[in-house]
Amino acid sequence: MTMQFTARHSEQDHLRRVKSLASDRRMCRRLTALSMPFFLAAALVQRLVSPAPAGPRISLVAQARAQANATIPFMFMG
């Protein structure tokens, strides 16, 4: 007994998925922009509280963006 599976997706399904992904990307960018002040403040406090490590450091904005990019995608899970 052989089972064959065929997947047929209509053009409407494809367009709906593309629009949904684009919408998710826009939402992620908006959330990043809206939450950047919070992450900037958190990065600033973190730098003030912890001693400076030896070697080069990334900029405050880059650190805040990294924290935002590590946190925000969890909102889209599930």
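Scroll up to find the structure this text is about.
Thresholds applied
Here the residue numbers are simple positions, counted from 1 along each chain's written sequence. In keeping with the model being predicted, local features are shown solely for residues with a pLDDT of at least 70 and side-chain atom pairs are shown and tallied solely at 80 or more, while totals for entire chains, interfaces and linings include all residues. For the side-chain quantities, the full set of heavy atoms in the structure was used; hydrogens and water were omitted. The patch calculation keeps residues exceeding 30% relative accessible area without a salt bridge and links them within 9 Å when they carry like charges or within 5 Å when they are nonpolar (Val, Leu, Ile, Met, Phe, Trp, Tyr). Here the open area of atoms and residues is found with the Shrake-Rupley method and a 1.4 Å probe, where only the protein chains shown may cover a residue. The term salt bridge refers to a pairing of a side-chain nitrogen on Lys or Arg with a carboxyl oxygen on Asp or Glu at a separation within 4 Å. In this charge count, Lys and Arg are treated as positive and Asp and Glu as negative; neither His nor the chain ends contribute. Note on charges: their place is set at NZ of Lys, CZ of Arg, CG of Asp or CD of Glu. Runs of E in the DSSP output that reach at least two residues are strands. Runs of H or I that reach at least four are helices, and both are numbered from the N terminus. Note on exposure labels: buried denotes an accessible area under 20% of the residue type's maximum, exposed denotes more than 50%, and partly exposed covers the range between, all computed with a 1.4 Å probe on protein chains only. We call a set of buried residues a nonpolar core when its members are Ala, Val, Leu, Ile, Met, Phe, Trp, Tyr or Cys and they connect through side-chain atoms within 4.5 Å of each other. Residue contacts are counted whenever heavy atoms from the two residues lie within 4.5 Å of one another.

## Observations concerning a positive patch on the surface
A cluster of basic residues, Arg25, Arg26, Arg29 and Arg30, forms a positive patch at the surface. Within the secondary structure, Arg25 is located in helix 1 (residues 11-49).

## Thoughts on the environment of Arg65
Structurally, Arg65 is set in helix 2 (residues 60-71). Here Arg65 falls in the partly exposed class, since its relative accessible area comes to 45%. Along the backbone, Arg65 and Ser35 are 30 residues apart, and their C-alpha atoms lie at a distance of 9.5 Å.

## Details of the nonpolar core
Residues Met36, Phe39, Ala43, Ala64, Ala68 and Ile72 constitute the largest nonpolar core, which totals six residues. Those elements that provide at least two residues to this core are helix 1 and helix 2. With three residues, helix 1 is the single largest residue contributor to this core. Those residues in contact with Met36, other than ones at most four positions away along the chain, are Val61, Ala64, Arg65 and Ala68.

## Here's the deal with the side chain of Arg47
Tracing the backbone through its elements, the reader meets Arg47 in helix 1. Of the side chains with opposite charge, Asp24 comes closest to the buried, unpaired Arg47, at an N-O distance of 30 Å. Setting aside residues up to four positions removed in sequence, Arg47 forms contacts with Arg57, Ile58, Ser59, Leu60 and Gln63.

## A closer look at the environment of Asp24
Note on placement: Asp24 falls in helix 1. On the basis of relative accessible area, Asp24 is assigned to the partly exposed category, the value being 37%. Each C-alpha atom, one on Asp24 and one on Phe76, is 8.3 Å from the other, the two residues being 52 residues apart in sequence.

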